[in-house]
Structures are given as C-alpha cells and as structure tokens.
Amino acid sequence: MIWLIFAILAPVIGGFVFGIERKVKARIQGRMGPPLMQPFYDFAKLMDKRPMMIHSLHALMGIMYFVAEWFALFVLFLGNDLLIAVFFHVLAVLALVIGASSVRSSYSALGALRELMHMISYEPFMVLMVVAFYLVSGSFNFKDILNSQAPIYQLPLVFLSFLLIIPMMLQKSPFDIAEAHQEIIGGPEIEYSGPFYEAIYTGKWIEYIYVFFFVFLFGGSNYILGSILVIFAFLFVNILDNSTARLDFRKMVKFSWVVLIPLAALNIILLALWR
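Residues numbered from 1 in each chain as written. Predicted model: local features only at pLDDT ≥ 70, side-chain atom pairs only at ≥ 80, totals over all residues. Heavy atoms only, no water.

A. Broad picture of the environment of Phe 88. On the secondary structure map, Phe 88 appears in helix α5 (residues 82–101). Considering only alpha carbons, one finds Phe 88 and Phe 71, 17 residues apart in sequence, at a separation of 7.1 Å. In contact with Phe 88, other than residues within four places in its own chain, are Ala 68, Phe 71, Ala 72 and Val 75. (Helix = DSSP H or I, 4+ residues; strand = E, 2+ residues; numbered from the N terminus. Contact = heavy atoms within 4.5 Å.)

B. Representation of helix α3 (residues 38–48) within the structure. Among the residues of α3, Gln 38, Pro 39, Asp 42 and Leu 46 are the ones counted as buried. Along the long axis of α3, the arc covered by the buried residues comes to 100 degrees, so they all point the same way. For α3, the elements touching its buried residues are α2 (10–28) and α10 (194–217). (Buried < 20%, exposed > 50% of the residue type's maximum accessible area, 1.4 Å probe, protein only. Arc of directions from axis to C-beta.)

C. The arrangement of the pattern of salt bridges in detail. For the structure on display, the rule yields 7 salt bridges. Here Asp 248 makes a salt bridge to Arg 250, at a shortest N to O gap of 3.1 Å. Judged by relative accessible area, Asp 248 falls into the partly exposed class, the value being 31%. Given the relative accessible area of 54%, Arg 250 is considered exposed. The network of salt bridges with shared partners includes Glu 179, Glu 189 and Lys 204. (Salt bridge = Lys/Arg side-chain N within 4 Å of Asp/Glu carboxyl O.)

D. Seen up close, a nonpolar patch on the surface. A cluster of nonpolar side chains, contributed by Met 1, Ile 5, Ile 8, Leu 9, Val 12, Phe 16, Ile 20, Leu 36, Met 37 and Tyr 41, occupies part of the molecular surface with about 910 Å² of accessible area. Per element, the largest residue contribution to the nonpolar patch is 3 residues, and it comes from α2. One can find Ile 20 in helix α2. Its relative accessible area of 39% is what places Ile 20 among the partly exposed residues. (Patch = residues over 30% accessible without salt bridge, like charges linked within 9 Å, V, L, I, M, F, W, Y side chains within 5 Å. Areas by Shrake-Rupley, 256 points an atom, 1.4 Å probe, with all protein chains shown as cover.)

E. Region of the structure containing the packing of helix α8 (residues 156–169) against α10. The interhelical angle for the contact between α8 and α10, taken along N-to-C directions, is 175 degrees, at an axis separation of 11 Å. Taken together, the axes of α8 and α10 lie roughly antiparallel to each other. Across the interface between the two elements, Phe 159, Phe 162, Ile 166 and Met 169 of α8 pack against Glu 207, Tyr 210, Val 211, Phe 214 and Val 215 of α10. For the contact of α8 with α10, the class distribution of residues is 8 nonpolar, no polar and 1 charged. (Axes fitted to C-alpha atoms, helices over the stretch in contact; angles between N-to-C directions. Parallel < 35°, antiparallel > 145°, perpendicular 65-115°, else oblique. Nonpolar A, V, L, I, M, F, W, Y, C, P; charged D, E, K, R; others polar.)

F. Examining unusual backbone geometry more closely. A cis amide bond links Ser 173 with the next residue in sequence, Pro 174, at an omega value of 10 degrees. Tracing the backbone shows Pro 174 in the loop between α8 and α9 (181–184).

G. How the structure looks around helix α12 (residues 249–274). Its 26 residues give α12 an end-to-end C-alpha distance of 36 Å, which sits within 8% of 38 Å, the value for a rise of 1.5 Å per residue. The sharpest bend along α12 measures roughly 35 degrees and falls at Ser 256. Tucked inside the fold, the buried residues of α12 contact α6 (106–137) and α8. With a side-chain oxygen positioned 2.9 Å from the backbone nitrogen of Arg 250, the residue opening α12 is Asp 248. (Expected span 1.5 Å × (residues − 1). Bend = angle between axes of the 7 residues up to and from the residue. Polar contact = N/O pair within 3.5 Å; in protein donor to acceptor, adjacent residues only side chain to side chain.)

H. Examining the confidence of the model for the protein chain more closely. Mean pLDDT over the protein chain: 92, with 100% of residues reaching 70 or higher. Between the elements of the protein chain, mean pLDDT differs from a low of 73, seen in α9, to a high of 96, seen in α8. (pLDDT = per-residue confidence, 0-100.)

I. A look at the packing of helix α4 (residues 56–77) against α10. The N-to-C vectors of α4 and α10 enclose an angle of 25 degrees; their axes lie 8 Å apart at closest approach. The pairing of α4 with α10 is recorded here as roughly parallel in orientation. You can see that α4 and α10 cross each other, and the crossing is left-handed. Contacts between α4 and α10 involve Ala 59, Gly 62, Ile 63, Tyr 65, Phe 66, Glu 69, Trp 70, Ala 72, Leu 73, Leu 76 and Phe 77 on the former and, on the latter, Phe 196, Ala 199, Ile 200, Thr 202, Gly 203, Lys 204, Ile 206, Glu 207, Ile 209, Tyr 210, Phe 213 and Phe 214. A class-by-class count of the residues in the contact of α4 with α10 yields 17 nonpolar, 3 polar and 3 charged. (Left-handed = near helix turned anticlockwise from the far one by under 90°.)

J. Structural context of the nonpolar core. Met 126, Phe 162, Tyr 210, Phe 214 and Phe 218 are the most contacted members of the largest nonpolar core, which has 72 residues in total. No other element matches α10, which puts 14 residues into this core. Apart from the residues lying within four places of it in its own chain, the contact partners of Tyr 210 are Ala 72, Leu 73, Leu 76, Ala 85, Val 86, His 89, Met 126 and Met 169. Counting 10 residues, the second-largest nonpolar core is a separate cluster that includes Ala 59, Tyr 65, Ala 68 and Tyr 192. (Core = buried A, V, L, I, M, F, W, Y, C linked by side-chain atoms within 4.5 Å.)

Here it is, written out as structure tokens:
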C-alpha cells in the first residue's frame, strides 16, 4: 500500500527533487537559485497557457511519454517484473522520439535522433543491471531485492557503471546531448508548448524517481545504506553536470559500449563463476 501511494505521488515527489536539484546546481555556481517550489509554479503557468499543438500525433506522443513513464513506476512499485518496468521506460522514450520526428523542425528531428543514441547507450545496460539484481536476489521483484543483502557488495562494478549511466538517462552533462540547449534548443521537446510541454516536463520529474529508485535497490535490506547511495548519486551527478563540457554523441555511445557495459558484464560473469 505504501508503494502504491508512493507511485501515485511520484510526480509531486519528483517535482520536489527537481526543485532541490536546481537549488544545488545554483549553489555550486555561486547563485541563490529559484525557490524550491519553482517547478510547481512553472507547472501552474504552463497549464494556464492556451493549448497549442502542431498536430495531434505530436501532442499525443508527448502525453504518451508522461503516461508510459508513470506506468513504468506503477509496474515497478506494484511488485511486477523489473524487466517490464524497463520495457515501459523504453516505450516512453520511443513515444518522445516518434513525436519529435513527426514535425518539420530540424532541431526536433536532430533531438529525436540523439535521443535514440541515448537509448542505445543506456537501455542495454539497464537490462544487464536487472539480470545482476536477479543473480543476487533470485528474483526480478523489487521487494525480494530489498529483502536481500545489499547488492552493492556483490555488484560494485555494476553500481560504478550505473553512476555514469545516470547522466545519460537524465540528460546531464557531459551527456546532455539530446537536449543540448545551446545547440538544438531542447531537441525533442522544442516544439511542445503549454499543457503538452507540461506532460514532458512532469514526465522528466517521474524519471528522476525511476532512476534513483534503482540506486536505492543497491542498498538491499539496509535502507540507510540505500538512502546514502541515493544522496551520493544525486550529488555526484550534479557535480559532474556542473564541472564537465558536453561530449559528442559518438563518444557517449562508445564510452557506454566499450567501457560501462563490459564493466557491468565482467561483474556479472565473476559473480556467476563465484557462485
């Protein structure tokens, strides 16, 4: 029941996390930053704008992105297979790509292609990580993982790789390649406005919960350790975001497939042999 309530409130919790992130980012840059509630002020302002759409498919895919992101969390928190949650996350990203590709905007189309590069970089790793959790707990259910010994002790290389995958998933520097505001002005979301942009905006809040919940799973039955890992990952990603320059998308894909995925695979192979 607690997890169901958590899933229902995920957009609100994600909004607060987004607000905290903006404060942290501002402090790192020596600024005061916006109020903690600023994401919700933005939400109200966007919802008050007149709905404008380029065409119905573009608007529908924006809403589908939000719905699929939220549904992935429900699948996760209602005790279903972690792989199914990953599958719905893939659907969410594909909805964003289809919507962005359907308009005659070079920025949007380029952003859609780059979004696909992101997906190719991190989704295979996500599947490997779920397999790693299965090896440790014997189950794809998150409750069984949370009842097992902290997976981080057996999966240190998987956790290390995931720390560097998170910026790819949340579009943070040096992997903020799909949005790249200085180059393609937001990429796949550039042509959305008003309530339809709000759906994308809120979907990204939910993605924060999705990503950091996987970090929490590395703590297993030790919830304090899981919480420490979440705080550490949050600060690490923000420091990295504020101290690095954007890479080329080829370097992102190469880094993931040549370094991170093999590192996680090595950890899984060693664990399987040890058992």
